[in-house]
Amino acid sequence: SESKEYSALLGKHGYIIDMSQVKAQTILAQAEDLPALSSTATKLIGMLDDMKTTRIELVKTINLDEVLAASVFKYANSAAIGARVRFINVLDVIDYIGFTSVKNIVLFVAAKKVINDESLWFRSVFITNTYKKIATLIDEPKSSIDLGFMLALFHNLGSLVFRNFHREEFQESSAIKDFAKRLSHEKQLFGMNHLDLSVIILENWKFAEDLIDLVKLQADFGKTSFTKHNLIVELARRLFELEEVDEASIAKLLSDDKLTKQMKTHRLDSLELTED
């Protein structure tokens, strides 16, 4: 496949027109080799977005996937939930933790099967949990937090392909601190950046358009199109990439003019960030 694409991009004088486009075709083929979301997880995500879904329908579908069912029970029975009883059926769990928590579990289990790189998974979990924490602090509505949760968890999928198949080049790109320059460098190397590739993967997985649109916007920091969802993910990413977590580094992060402007635009300028 790569050889055919290579030949197709040769000019009539025998020289390469754009080598990055040759690599882009290879990367798209590699993206297709990612483990697909399980059919049960895909179905559940759709069901949990449908207000007409009943608890009984949800239980029947969850029980089709032993890993998902076990994860739901593990979460509900964990000490963190503070339940005084041990759950013995999925219906009781759903009644206790609610549809939103069930969806978050499904998303995490589905994502973990795909994101098999430990450092990338750690990054994804950090950004996702930080998103949820910040969104909760500013009293975002549950429906908004739900969409942002998915953005935070899945926007970085394209990096998985780069890390798995082009690790050295991707590490070179990842060392660039300026995010816009990093994305530009990725495009030069691979013919696309990791956000572009994430969009393609999510489209192939038939994810909702509103999520895909947000992933597309994640590269538009500083533009008016940048949403509150995108801003919180960007803030979480910057917190993750801090070399030191102290008052000085947080103050420096928040002194960025473009970030300050976006935070004022989306009324996050009153948000207080501490070392804790």
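The shown structure was predicted, so the numbers you read here are calculated from the model rather than taken from an experiment.

Visitor: When you look at the pattern of salt bridges in this model, what are you seeing that I'm missing?
Guide: A side chain with one charge may pair with a side chain of the opposite charge, provided their charged atoms come close. A complete count under the given rule lists 17 salt bridges for this structure. In this structure, Asp65 and Lys113 form a salt bridge, with 3.9 Å as the shortest nitrogen-oxygen distance. With a gap of 48 residues between them, Asp65 in the loop between helix 4 (55–62) and helix 5 (66–77) and Lys113 in helix 6 (residues 90–114) connect regions that are remote in the sequence. Close ionic contact of Glu243 with Lys177 constitutes a salt bridge, the shortest N to O distance being 3.1 Å. One end of the pair, Glu243, is in the loop between helix 14 (228–240) and helix 15 (247–253); the other, Lys177, is in the loop between helix 10 (167–174) and helix 11 (179–190), with 66 residues separating them in the sequence.

Visitor: For this particular structure, what's the right way to read the nonpolar core?
Guide: Proteins that are soluble and globular tend to have nonpolar side chains buried together. In this structure, Phe154, Leu202, Trp205 and Phe207 are the most contacted members of the largest nonpolar core, which totals 81 residues. When residues in this core are grouped by element, the largest group, twelve residues, is from helix 6.

Visitor: Sorry if this is basic, but what is going on with the packing of helix 4 against helix 6 here?
Guide: Relative orientation and spacing of two packed helices are given, respectively, by the angle between their axes and the distance between those axes. The N-to-C vectors of helix 4 and helix 6 enclose an angle of 95°; their axes lie 11 Å apart at closest approach. As judged from the angle between their axes, helix 4 and helix 6 are roughly perpendicular. From helix 4, Arg55, Ile56, Leu58, Val59 and Ile62 reach across to helix 6, where they touch Val90, Leu91, Ile94, Asp95, Phe99 and Val102.

Visitor: Would you mind showing me how to read the environment of Val161 here?
Guide: Here Val161 shows up in helix 9 (residues 157–165). With 130 residues separating them in the primary sequence, Val161 and Ala31 have C-alpha atoms 6.1 Å apart. Those residues in contact with Val161 that lie beyond four places of it in its chain are Ile27, Gln30, Ala31, Leu34, His166, Leu197 and Ile201.

Visitor: Explain the layout of surface pockets to me, please; I cannot follow it from the model alone.
Guide: Gaps left between atoms are located by rolling a probe of water-molecule size over the structure's atoms. Here the largest pocket is characterised by a volume of approximately 1100 Å³. Forming the walls of the largest pocket are 32 residues, and the residues nearest its centre are Lys177, Arg182, Arg237, Arg238 and Glu241. Mapped by element, the contributors of at least two residues to the lining of the largest pocket are helix 7 (118–137), helix 9, helix 10, helix 11, helix 14 and helix 15. Taken together, the residues of the lining of the largest pocket sort by class into eleven nonpolar, seven polar and 14 charged.

Visitor: I'm lost on the side chain of Thr53 in this one. Help?
Guide: Residue placement: Thr53 occurs in the loop between helix 3 (39–49) and helix 4. Judged by its relative accessible area of 10%, Thr53 falls in the buried class. Engagement of the side chain of Thr53 in a polar contact is seen with the backbone oxygen of Met47, the distance being 2.6 Å.

Visitor: What's the story with the packing of aromatic side chains in this structure? I'm lost.
Guide: Ring pairs (aromatic) are described by centroid distance and by the angle formed between their planes. Scanning the model with the defined rule gives ten aromatic pairs in all. A ring pair is formed by Phe122 and Phe240, whose centres lie 6.0 Å apart and whose planes are at 55°; its orientation type is tilted. Remark: Phe240 occurs in helix 14 and Phe122 occurs in helix 7; sequence separation between them is 118 residues. Overall, the relative accessible area of 55% leaves Phe122 in the exposed class. Following the ring pairs from residue to residue traces out a cluster consisting of Phe108, Trp121 and Phe149. Lying across the ring of Phe179, Arg237 places its NZ or CZ 4.0 Å from the centre.

Cut-offs and rules
- Residues numbered from 1 in each chain as written.
- Predicted model: local features only at pLDDT ≥ 70, side-chain atom pairs only at ≥ 80, totals over all residues.
- Heavy atoms only, no water.
- Salt bridge = Lys/Arg side-chain N within 4 Å of Asp/Glu carboxyl O.
- Helix = DSSP H or I, 4+ residues; strand = E, 2+ residues; numbered from the N terminus.
- Core = buried A, V, L, I, M, F, W, Y, C linked by side-chain atoms within 4.5 Å.
- Buried < 20%, exposed > 50% of the residue type's maximum accessible area, 1.4 Å probe, protein only.
- Axes fitted to C-alpha atoms, helices over the stretch in contact; angles between N-to-C directions.
- Parallel < 35°, antiparallel > 145°, perpendicular 65-115°, else oblique.
- Contact = heavy atoms within 4.5 Å.
- 1 Å grid on protein atoms, 1.4 Å probe; cavity = no way out; pocket = protein on both sides within 12 Å on 5 of 7 lines; lining within 4 Å.
- Points joined across faces, edges and corners; volume = space filled by probe spheres on them.
- Nonpolar A, V, L, I, M, F, W, Y, C, P; charged D, E, K, R; others polar.
- Polar contact = N/O pair within 3.5 Å; in protein donor to acceptor, adjacent residues only side chain to side chain.
- Phe/Tyr/Trp six-rings, centres within 6.5 Å; stacked < 30°, edge-to-face > 60°.
- Lys NZ or Arg CZ within 6 Å of the ring centre and 35° of its normal.

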